Amino acid sequence: MDNFSQPLIYNSVDCTSVLSPASKHNDASQYFCDPVHDGLLCWPATPPGRKIAQPCPPLQGFNDKMFVFRKCSISGIWEDFNNSLVVEKTNYESCILTDKPTLQEYGKDYINDLQNVIRKSSILGISFILLSLIALCISFWLYKCKLPKYINDILRVKIHKHLFAAVMLELIIKLIFQISIFLTISRSFLATVQKPVVCEFLTAFHQYADISILMWIVIDSHFIYMTAKSGFLCISGYKAYVIAGWGLPVLPTLLWTITLILNHKVTCWNGHMHLASIWIVHVPKILCFVSIIVLISLSSWRHYQRVSQRLLQESKIINNLTTTGILLSLMLLSFLVVIIPTYLRLNTLESKTIVQYLATTFTSSKGIFVAILCNYSNIKDFVKSESANNDIEI
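Residues numbered from 1 in each chain as written. Predicted model: local features only at pLDDT ≥ 70, side-chain atom pairs only at ≥ 80, totals over all residues. Heavy atoms only, no water.

(A) Representation of the overall build of the protein. From N to C terminus, the protein includes 12 helices and 7 strands. At a minimum sequence separation of 6, the contacts of the protein that also span at least 24 residues come to 71%. Carbon and sulfur atoms make up 65% of the accessible area of the protein, which amounts to about 21100 Å² in all. (Helix = DSSP H or I, 4+ residues; strand = E, 2+ residues; numbered from the N terminus. Contact = heavy atoms within 4.5 Å. Areas by Shrake-Rupley, 256 points an atom, 1.4 Å probe, with all protein chains shown as cover.)

(B) Structural context of the state of the cysteines. Under the definition given, this model contains 1 disulfide. Each sulfur in the disulfide pair Cys33 and Cys72 lies 2.0 Å from the other. One quick way to see it: the torsion about the S-S bond of Cys33 and Cys72 is about 90°, and its sign makes the bridge right-handed. Of this pair, Cys33 sits in the loop between helix H1 (12-22) and strand S2 (36-37) while Cys72 is found in the loop between strand S5 (67-71) and strand S6 (86-87), placing the two residues 39 residues apart along the sequence. Neither Cys33 nor Cys72 differs from the other in exposure class; each is buried. (Disulfide = S-S within 2.5 Å. Buried < 20%, exposed > 50% of the residue type's maximum accessible area, 1.4 Å probe, protein only.)

(C) Up close: the pattern of salt bridges. For the structure shown, the criterion picks out 5 salt bridges. A salt bridge links Asp220 to Arg156, with the nearest nitrogen and oxygen atoms 2.7 Å apart. Of this pair, Asp220 sits in helix H6 (residues 196-230) while Arg156 sits in helix H5 (residues 155-187); the two residues are 64 residues apart in sequence, bridging distant segments of the chain. Of the two residues examined, Asp220 and Arg156, each falls in the buried class. (Salt bridge = Lys/Arg side-chain N within 4 Å of Asp/Glu carboxyl O.)

(D) Main features of the UniProt feature "transmembrane region" (unreviewed entry) in the protein. When the UniProt feature table is mapped to this numbering, "transmembrane region" (unreviewed entry) covers residues 123-143, 163-185, 205-228, 240-262, 274-296, 317-342 and 354-376. Regarding residues 240-262, the helix share stands at 91% and the strand share at 0%, and the terminal C-alpha atoms are separated by 33 Å. End-to-end, the C-alpha atoms of residues 274-296 are 32 Å apart, and along that stretch the chain is 78% helix and 0% strand. (UniProt positions renumbered as here; feature names shortened; annotations may be inferred.)

(E) Here's a closer look at H6. The terminal C-alpha atoms of H6, which comprises 35 residues, lie 51 Å apart, in line with the 51 Å expected from a rise of 1.5 Å per residue. Buried residues dominate H6, accounting for 26 of its 35 residues. (Expected span 1.5 Å × (residues − 1).)

Encoded structure:
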């Protein structure tokens, strides 16, 4: 491995002009890697099969006593690294200052135990995701094949179908990630098996699906509010709901994705949960939770007013509010078990294990409780109406 010392040059044109004269080679039979500027440092033309290093740049958060690496492949092309901090094919992993011990400092036993926890968590997650997908598929089958058309034409049932679709999208993406993690642990610890473009697309789409789920619960809460306000089932606004449920989440997701593309040039966007930019997608989620709570509260107040004034009998609105409230609580727990550990210092394996299992269980079983709650709310009314019709016929 060669050491190369070069002052920081922040302009790629200046970098090429400085390095090119000193980097010319006479052996035309070799395909040298071209001189390049990676955004932080200049790298000279390098013979194939060579790995070169230079001191880390003296930037905030970097240890300038360590070295940064770059490798020229046998074919004369700069190679990619599979580390967590790679910028334009340069490995800056060893440059990062951290107050946390590295995996090597924890010891081999700790690493093996952590691998086992992640492996078991992946198996648990895959199992719950498959059960969730089966539950959602059964739900679609019930509405399509077993329930009459007038049930499927109810606006709230249509809303729930879109909610099922959003949950299925998120679970499919999560299933891909869980399988990838399991295969990664089975081969070599913390090595990626995904193409950067693919995993970055899936990461962005996962955030989109996550926001869409909450948006459809907001829409469901708005439907309940309009019903409680008027005393009648709302039958209009379906197109507006579709645009809001699937269209609005695009905006924060797109903004977040562009931010990461421009400012977080790391393989598969590793570590994105610890960046301030994650709040671009977290804030809309929090706003959705607040909106759901407000709409449920207003619906309860409106319903109480109408019942107290004897304008409305005790109806299924209470059941709808109950199911939506339970759904809100479970979704909020799923959100908290993911976001809170990001900002907590978990130093013991026991605490990491508990958080890992909780997060996996809540996020992977989301489809099960969505299917149960929504189907209970919708099918219960159908069974009641059928029983009432049978009593009348008798």
